[in-house]
Protein chains: 2
Amino acid sequence: MNAPHFSTKQRILDSAESLFARHGFAGASLRQVTASANVNLAAVNYHFGSKENLINEVFRRRLDSLNEERLAALAEVLKQPRFGLEDVLGAFVRPALALSMAEDGGAGFVRVLARAFAEHNERLRKFLHDNYSHVLKQFATAFAQVLPHLDKQELYWRLDIVSGALTYAMADFGVIKRRPGMSELQHRDLAAEHLIKFAAAGLRT
Amino acid sequence: MNAPHFSTKQRILDSAESLFARHGFAGASLRQVTASANVNLAAVNYHFGSKENLINEVFRRRLDSLNEERLAALAEVLKQPRFGLEDVLGAFVRPALALSMAEDGGAGFVRVLARAFAEHNERLRKFLHDNYSHVLKQFATAFAQVLPHLDKQELYWRLDIVSGALTYAMADFGVIKRRPGMSELQHRDLAAEHLIKFAAAGLRT
DNA sequence: CTAGAATTCAAACGAGCGTTTCAGCCTTGT
DNA sequence: ACAAGGCTGAAACGCTCGTTTGAATTCTAG
């Protein structure tokens, strides 16, 4: 199913990502994953140690770069003398939207991400917090600047809800085919505009 | 765990709903469900036939009344000589929000619902379509009236995304405790206002 | 070329899964 | 009081799960 010249680890990660997106973490078995990757069953435990570790690596592989891009975009926004809610939201949404429309398995990963949000999995939330809390923190600070009327408590749960709803929406966007006669970039920008408006309405009062 | 004077069927449904919300459909086993319900393992297959049927019944029990309320609310809206997007959205959101903040397991069920949306489970989507497509259809008609500039295709996938994002947001709302000094009703109305604004931004262009 | 490490492989492990069975228990109606 | 049918109980079915094992193979350095 996968080209044989990619490494075993990479093929396992690709297959796992795709199967987790379709069947969930509990629903996709290591036997399905290794069969789809054309790899021996034991390879997962050899290369990753356990299924739980494999799940974490599926996240790490994409989130490392995604969060770098988000922080870079946020840094650009913060450089401007005047910026608003929509700018901060853009720094959060656009990199993820690009991923969800990428040629490779990016769309599958965003669906995995949406699942993880919906699951409220404790173990997974800890992993995300341990590895990427600095990103959330920087965005929370920026949001607090552009939403000064919200107290910290209120801001935090609104961000939680909005980021979940956004992730869900982006997971769906990946599936939707763009209208004919519209370039990939136009379609993405239009989607970003909608999502940002969508999220802004949820954050402002 | 459950009061013994409730019927076996009801206790199974309650426990299943709660465990499906926490661990997913594949993640929660019938042994966990029956143990939490203080019921024999075989009772599930006796009363429901299979795990799949049990899942369907968990949905049916809540969705029958929820969708009735939604349709009743929509009928009220349609009676008015002039109504807008926010009115239609209100008919969709308010009954679900009431459920997610109900005393009984309603909050758990909305989390189950959010999971089901995120999973894109084919079997489940078929069940929902078979049993409740008339509700979606009536709402789609009403939405088409207040959003005449969107063609049918565009409207349908936007409704899909918005309803998913709304369900996700409502699942989270159920967990959030209201600010002190605010009545249950006030809190719910405020949440409904936010969600409706949120969704309206995603539907309008 | 060859020793040693890294990787792959087939096979098996115990545990947990959904489901089935059937004996026994209640609860009805007569 | 008693038969019948609805329901519960303990046990077992075959199957799939994640993981482990140890031998076979491939890769890599000296």
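Residues numbered from 1 in each chain as written. Chains lettered and ligands numbered in written order. Predicted model: local features only at pLDDT ≥ 70, side-chain atom pairs only at ≥ 80, totals over all residues. Heavy atoms only, no water.

Superposition of chain A onto chain B requires a rotation of 180° combined with a translation of 0.0 Å along the rotation axis, giving an RMSD of 0.1 Å. What we have between these two chains is a two-fold relation. Rotation axis and chain A: the residue whose C-alpha lies nearest the axis is Ala 165 of chain A, separated from it by 2.2 Å. Most of the interface of chain A is mirrored in chain B: 100% of its interface residues are interface residues there too. (Least-squares fit on C-alpha atoms with pLDDT ≥ 70 in both. Contact = heavy atoms within 4.5 Å.)

The next subject is the protein's contact with DNA strand C. For DNA strand C, the set of nearby residues contains 15 residues, the closest of which are Thr 8 and His 47 of chain A together with Leu 30, Arg 31 and Lys 51 of chain B. The sugar and phosphate moieties of DNA strand C supply 47% of its atoms located within 4 Å of the protein. For DNA strand C, a phosphate oxygen lies 2.5 Å from a polar atom in the side chain of Thr 8 of chain A. For the surface near DNA strand C, the secondary structure elements donating two or more residues are α3 (42-48) of chain A together with α2 (30-36) and α3 (42-48) of chain B. (Near = heavy atom within 4 Å. Polar contact = N/O pair within 3.5 Å; in protein donor to acceptor, adjacent residues only side chain to side chain. Helix = DSSP H or I, 4+ residues; strand = E, 2+ residues; numbered from the N terminus.)

Let us now look at the pattern of salt bridges. Residues and elements named next belong to chain A. Tallied over the full model, the rule gives 26 salt bridges over all chains. Taking the shortest distance from any N to any O, the salt bridge between Arg 60 and Glu 57 comes out at 3.1 Å. With Arg 60 and Glu 57 both in helix α4 (residues 51-79) and three residues apart, the pair spans about one turn of that helix. Relative accessible area serves as the criterion here: at 28%, Arg 60 is assigned to the partly exposed category. In this structure, Lys 126 and Asp 130 form a salt bridge, with 2.6 Å as the shortest nitrogen-oxygen distance. In this pair, Lys 126 and Asp 130 are both assigned in helix α7 (residues 122-146), four residues apart and thus about one turn of the helix distant. In this structure Asp 130 comes out as partly exposed when scored by relative accessible area, which is 49%. One network of salt bridges, in which partners are shared, links Asp 14, Glu 17, Arg 61, Arg 62 and Asp 104. (Salt bridge = Lys/Arg side-chain N within 4 Å of Asp/Glu carboxyl O. Buried < 20%, exposed > 50% of the residue type's maximum accessible area, 1.4 Å probe, protein only.)

So, about the protein's contact with DNA strand D. In the vicinity of DNA strand D, 15 residues are found, and the nearest of them are Leu 30, Arg 31 and Lys 51 of chain A together with Thr 8 and His 47 of chain B. Here DNA strand D approaches the protein such that, of its atoms within 4 Å, sugar and phosphate make up 45%. Ser 29 of chain A has a polar side-chain atom sitting 3.0 Å from a phosphate oxygen of DNA strand D. Interatomic distance of 2.4 Å between a side-chain N/O atom of Thr 8 of chain B and a phosphate oxygen of DNA strand D. Counting only elements with at least two residues in the surface near DNA strand D, the list comes to α2 (30-36) and α3 of chain A together with α3 of chain B. Here the surface near DNA strand D gets three residues from one element, more than from any other, and that element is α3 of chain B. Counted by class, the surface near DNA strand D contains six nonpolar, six polar and three charged residues. (Nonpolar A, V, L, I, M, F, W, Y, C, P; charged D, E, K, R; others polar.)

Residues and elements named next belong to chain A. Close contact between helix α5 (residues 85-100) and α7 brings their axes to 9 Å; oriented N to C, the two are set at 160°. Relative to α7, the element α5 is oriented roughly antiparallel. Taken as a pair, α5 and α7 cross one another with a handedness that is left-handed. Residues Leu 85, Val 88, Leu 89, Ala 91 and Phe 92 of α5 lie in contact with α7, whose contacting residues are Phe 139, Ala 142, Phe 143 and Val 146. Tallied by class, the residues present in the contact of α5 with α7 amount to nine nonpolar, no polar and no charged. (Axes fitted to C-alpha atoms, helices over the stretch in contact; angles between N-to-C directions. Parallel < 35°, antiparallel > 145°, perpendicular 65-115°, else oblique. Left-handed = near helix turned anticlockwise from the far one by under 90°.)

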